[in-house]
Structure formats: C-alpha cells, structure tokens
Amino acid sequence: MSDPSQIVTTAHPGLSAAEVAERVARGEVNDVPVRSSRSTREIVRANVFTRFNAIIGVLFLIILAVGPLQDGLFGFVIIANTAIGILQELRAKKTLDSLAVIGEAKPTVRRDGTPVPLPTGEIVLDDVVELGPGDKCVVDGEVVEAEGLEIDESLLTGEADPVLKKPGDPVMSGSFVVAGGGAFTATKVGREAYAAQLAEEATRFTLVHSELRTGISTILKYVTWLMLPAAIGLVVSQLVVQGHDWREAVRRMVAGIVPMVPEGLVLLTSVAFAIGVIRLGRKQCLVQELPAIEGLARVDVVCLDKTGTLTEGGMDVSELRVLAGAEDRESSVRQVLGALGEADPRPNASLQAIIDAYPDGSGGWRCTEALPFSSARKYSGAALNGPDGESGTWLLGAPDVLLPAGDPALAETDRLNAQGLRVLLLARTARDLDDPRVTEGVRPTALVVLEQRLRSDAAETLRYFAEQNVHAKVISGDNAVSVGAVAAKLALPGAEAPVDARKLPREQDAMATALDRGAVFGRVTPQQKRDMVGALQSRGHTVAMTGDGVNDVLALKDADIGVSMGSGSEATRAVAQIVLLNNSFATLPSVVAEGRRVIGNITRVATLFLTKTVYSVLLAVLVVCTRVSYPFLPRHLTLLSTLTIGVPAFFLALAPNKERARPHFVRRVMRYAIPSGLIAGAATFAAYLLARAHYADAGLAPADTLGAETSAATLTLFLISLWVLAIIARPYTWWRVALVVAMGAGFVVVLVVPWLQRFFALKLIGATMPWTAVAIAAAAGVALELTWRWVSRRFPA
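Note that the structure is a prediction, hence the values are computed from the model and not measured.

Draft legend 1. View of the overall build of the chain. Counting its secondary structure elements, the chain contains 28 helices and 21 strands. The buried share among the 797 residues of the chain stands at 56%. By sequence separation, contacts in the chain at least 24 residues apart represent 74% of the contacts at least 6 residues apart. Accessible area for the chain stands at about 32,600 Å²; split by element, carbon and sulfur atoms hold 58% of it.

Written out as structure tokens, the structure reads:
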C-alpha cells in the first residue's frame, strides 16, 4: 500500500522557495512572537514605574533639597533593590525564553512538495500546513485535504463538540485536531489571525490568580490611604506645634512616612518568583505563568492521566487472542491489523505498538476508507479490500464500548484488565463507517493485548503526594479495571475500587461526592474530564490536571493548574501553565516544593515588613496626638530597616521551606504584624518619652538633647525589631542564628565606630537611659513571645 502522506503531498505541494521569498519581502509572515515572558522593556517598566517607587522617589528628592545626604539613604536602597529585581527577572526571562524555544512545537509545512517542520514565525501566507491528532492550528486557513478531520474549537467558541471539517471549510488559529488528519492553506497570518487578536487581549505571561500578589496589593492600598493624612499631621505637628524650622520639619515628616511603605515586599516577591523560575528551568520545567509556581503549591487534588504520566508513552503487544467462533485465521488477523496500522499516517501509542508488532504490513489488504481514532468514540476503523477480492469493514477499539453487556469476550477482557493489561477488540461490522450505529451488531474477531510500561519514578512521586496530603485521582479513557490494576502496582490508595465514569452521576454535587470517595476512574470522556475538574473545584479543592494528549486539553484549561508533558500535543502545551520538558512526572514534587518555598518564605518575611508599617503608623499618630518632636530622622529608620528587615528578609525569602501552602495570606500575616507593630511602637514611644524626661535637666545643648533622646529610642526599636526577626527566623538552623547575630553585631559597630556615630547621628549619653531602653525592649520581647503564642492558639491559620 502506498504511503498516504506521499499521495497528499503531490496533490498540494505547497509554495516554492521563490514564492516564499516573495511573501517574506511583502511582510506576509506569521511574525507574532510566542510570549513566554515579559519583554525587557516591560520588566524594566514594571520594576521602576511603580506607585511606591514614585512615592519614595518624591520623598528622596525632597531630602536632597533639604539635606543632608545621609537622610536620603532610603532612596539609594530603593535604587539598589529595583536593580536587583530587574536583573533577577531578566535572568528568569532568559531561562524562560530558552526553554520556550526548546518546547515550541514546529508545525509541518509543505515547501516545494516536501513536508518540513518550521517554527511558527516562519509560516507565510498561502503556506500548506499539515494537521494530525493533537496539532494546533497556528494560523487561520482553509481546509484543502481532510481524512476524517475533526477539529475542537471549544477554546475559541465554547462549543464542546468537535467539528468535522471538509475541503473548503475554514479553520481558526487556536483550535486543535482531535481526530483524523489533513492540510489547510494559510489565509491569515501574523496579527490578522484570530488567535493573535485574542493574544493581544490576554498574553500568555500574566500575574493573575496569585493570592500573594493580590494580598500584597490589598495591603499596599490601605497603606497608601494612611500615608497622606499622616504626612499632613506630621508636618503641622513639627512645623507649627514644635516650632522646628521647615527643613527639620520636612526631614522628620519624611522619616515618619518612609517606613510605612513596605516597598521591599513587592520586590522580594518578584525576586522569589524569578529565582523559582530559574531553579525549575534547570530541571527542564517550563513555567509559562509565574503564579503557577504558587498555584501548584496550594493544590490539594492532582488529577493524573494514566498514559504518559503513570505509564510511559509506548506500549508493547504481548498477545493476540483470536476469539472462539471467529471466521478468520490468526495470520489473516495479523494482516488486517497491519492494514489498519498503515491506514493511519499518524498512529496513536496503541496503534504504533500494533505496527511495531506486525512489521510485515498488510499482506495485500488495501484501505479504501478510514475512520481515525477519537477519544470520545474510543475506537477507529477502516474499510479494507483483501488480496483475493474479499472486502470488509473493521473496527479496532475498546471492547466494552464495541460489545453489548454480557458478551462472552468481555469476561476474558475483564480478566486481562485486572492484570493491568490494556485490551483492544478487533471486530467486523456490517455497517458503513459513517453510520452513527456502526458499532451495533459487530462480530468480535480478536483481542489485542497490550502491555504498558510503568514509569520508574511514578510510585515515588505518588508517595510524595500522599505524604503531603495531596489526593491523587487517576482519570483515564482506558478501562477502569485496567487503570486500577496499574494504579495498584504503584500503591495508590483507593486503587482497589476503580470506578467506570460512564456510571458517574451528571449532577455536579453528586459527581463531586463520588470523586471525593474514589481514586481511579476509567472510560472518562474528554468532556467528563472537564466536568470532573469543575466538580472538584465546586467543593473548594484547588485542582491540578496533568496530561499529554489532546483529550486532556479542556480539563487542563479549566484546572487551577494545568501541567503538560513536553512530548504531549501542541494543544496541551499551549494551554498548560507548566510544561515538563523532560516528560518526567517526577519533576512535579520539585515544582510543589518550589512553590511552597516561595509562599512560606514570603509569608514569613511579609510579617517583618508589615510590623514596620504598623509601628510607623502608630508612632506618627502618637507624635501628632502628644505634640512632641518625631523621634527619628530618615537615616535612623533606614539603618533599622536594613539590619532588621532588608538584609535578613533577602536570605529568609530564598531559604528552603517545605511548609504546606495555606490560604488567607493577608489574615495570616496581619494576625502577627499588627500586635507586633503595636508593641514595638508603644514600647519605643515610651522609651522616647522617658528619655525626654531624663535628659530635660541634663544640661545638654538642645541639639544634643534631641540626639540623645533619638538614640535611646533607636536602641529600643532596634532591639525589639531584632527580637521580631529572631521569632520569625524559627525554627533555628546555624545560618539563621548567625544571621540574627550578624545583624546585632552590625548595629553595635555603628554605635562604637566614631565616624558611623556621626554619620547616623547616634550617640548614647550616660548609662541610665541606655540600660532603661534595654529593659523596655526586654519587656516588649516578653510581650511579643506571649502575644505570638496567644495568637497562634486563638487565630490558627
């Protein structure tokens, strides 16, 4: 039998090299870039032009105008932090883009009569693009060849049923092939194509569905509302009530406003995500949307497609059983199977195993009509003419779909399925392939027994999910008993009670109940996979869906996190947030761990940043109400923020963390930040008032008196902030203890080195007030410990 691909190639040979060059010169090229990351310009703009950089920038310019320069140190910190953020995200972009090139599918395009794989950006107008199962239509076009070509347009139109395409029918970019094959001519390329227009509205890179980003934005919004009245109150208090000159009043106002802004928190979140992308990139994991790292860490149900996930893609024919009563000999059956294999130019894994098992081919059988395999149908077929003039129509597919209940062949099939084997039925039919009732009254001929290859890493990965309280659900189109046997070999809890999805209730709530009870589901249709994801989500589950076949696309798109194998169809890779380029299911624990590291650490350091925000607001309110001088200059709070927040937060944010991600980010952070900030602010203000009373009659010059009061308050606030850091650094490891000690040592250096004393305007006078400050800080530390324990019991996360 001649190769079908050669027949269609001569029918529509495609463009010549000269015609391609002519179209390229006219700009008729599909030049829309596949965006796996933000552009360099967008990264710089996102990191530089932020609301809080604008606020800090204005305050920095004010300090530059009134001086001295050391009170503007916070401005240089922002510049450094922003630069770090840009560099890290550019590094992540490089990783993403290089992985995207590796993972990018290359559609087959006919040039000068020869099919060649090309990057999507090199397709030109009028190119002839070939299609097969799982291929995505990358440009708009018109069908020129079709052999049972069925295209799913649900991602574009919402219509769930595949559309049968014939020559002359249009195809839209963004749709994908579910069955059959063919070719189409490109009629719209570049930004004129339908998918490109959709991409303009929603590009692949996005920061949506991130509880971290949303929570931080909510916090920052409230902080912004507090800043303006606080600034006005401080200026009036310092200028009118205290009688400071306007330069001093402005400096004190800036000192009160700057620490309210948790600017480093936004930056640190971006850096943590970016480094996560780089780490996963080294493991051949392409993260197409950054929050997917966070999302997978929150997942509590992972739905697995058996083929390609628990088992390797390939299969082997272990046995051919000709059924009793069949009129065909085994040699003839082998030839029919060979002919069915030759009839499909793009065989799936099962058919490829048959082709490999019977390499001698069709033995003279010739295909006159073919029905490609479809996940919805669960069978394929062909009309064949034999070498001796015999003809017949054959079906190859799932025995429990092709045969009526109670057929003797089903009992044998069940026994084989129970051993974890996959079974296909070869049967004759008296009806035409296009007859909707083609499966009625089929005559079973033989059972083809296929052995699936288990992934060596699947059992360990399932065990990891079980230990992390993530429920694994195996959802497959194969026979439920067979899927259950495979899952049982991998020690999946619940595998001993597989469920036939055809018996699942359609009502969402009842389906969700059945899904909660079961762990293995067979004979699931593509639409059912989608419904099952929705049912699980309706119960409050965060659902991840893994898959590599075109039948997984709808469920992947609806799941909270879609994970595709790199060898999967182009359609699955396009809708998935995470692509495992090495096709290893064992990479998933790394993604979960990376997400937990990001979420756990950002939650941890957010408490540091927001404690500072709370005590800054409280100090500003107390200063305005009591009509005293603001106790700090900007340089003091810059020093405290650097030693107790900025530097330690960077190390803590990148540390290992296996704590399971939990919801309600804002509530979990604020339950500690608010009491900690109130204790720190109240204790610091108390020390400041005591210092004012102590130094009032000390005979110091006014400037020295204010400096001594400020130094005492600074010492108190530093010790309390260091205590908060020590609490957040738990559980202790050697490097965390060293980090806390190093920050304390840094402050001691500032206090004892003369030029640093002058630079930061810090000088402790006498012994009474400094030791009083230490005592107040110690009392505040005890209060912090008691409060944190009470909060943990009273408001558990």
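Draft legend 2. Examining the environment of G132 more closely. Note on placement: G132 falls in the loop between strand 3 (128-131) and strand 4 (140-152). Taking the C-alpha atoms as reference points, G132 and T108, 24 residues apart in sequence, are found 9.7 Å from one another. Those residues in contact with G132 that lie beyond four places of it in its chain are V177, G180, G181 and R346.

Draft legend 3. Representation of the side chain of T587. Counting through the fold element by element, T587 comes out in the loop between strand 21 (578-580) and helix 22 (588-626). The exposure class assigned to T587 is buried, which follows from its relative accessible area of 6%. A distance of 3.3 Å separates the side chain of T587 from the side chain of N582, its partner in a polar contact. Residues in contact with T587, not counting those within four places in the same chain, are K283, C285, L580 and N582.

Draft legend 4. Region of the structure containing the pattern of salt bridges. Scanning the entire structure with this criterion turns up 23 salt bridges. Across the pair E150 and R377 runs a salt bridge whose closest N-O atoms are separated by 2.8 Å. Of the two residues, E150 sits in strand 4 while R377 sits in the loop between strand 11 (366-374) and strand 12 (379-385), which places them 227 residues apart along the sequence. Judged by its relative accessible area of 14%, E150 is buried. The closest approach of N and O atoms between D435 and R431, which form a salt bridge, is 3.7 Å. What makes R431 partly exposed here is its relative accessible area of 25%. A cluster of three or more residues bridged by salt bridges with shared partners is formed by D400, D500, R502 and R523.

Calculation rules
- Residues numbered from 1 in each chain as written.
- Predicted model: local features only at pLDDT ≥ 70, side-chain atom pairs only at ≥ 80, totals over all residues.
- Heavy atoms only, no water.
- Helix = DSSP H or I, 4+ residues; strand = E, 2+ residues; numbered from the N terminus.
- Buried < 20%, exposed > 50% of the residue type's maximum accessible area, 1.4 Å probe, protein only.
- Contact = heavy atoms within 4.5 Å.
- Areas by Shrake-Rupley, 256 points an atom, 1.4 Å probe, with all protein chains shown as cover.
- Polar contact = N/O pair within 3.5 Å; in protein donor to acceptor, adjacent residues only side chain to side chain.
- Salt bridge = Lys/Arg side-chain N within 4 Å of Asp/Glu carboxyl O.

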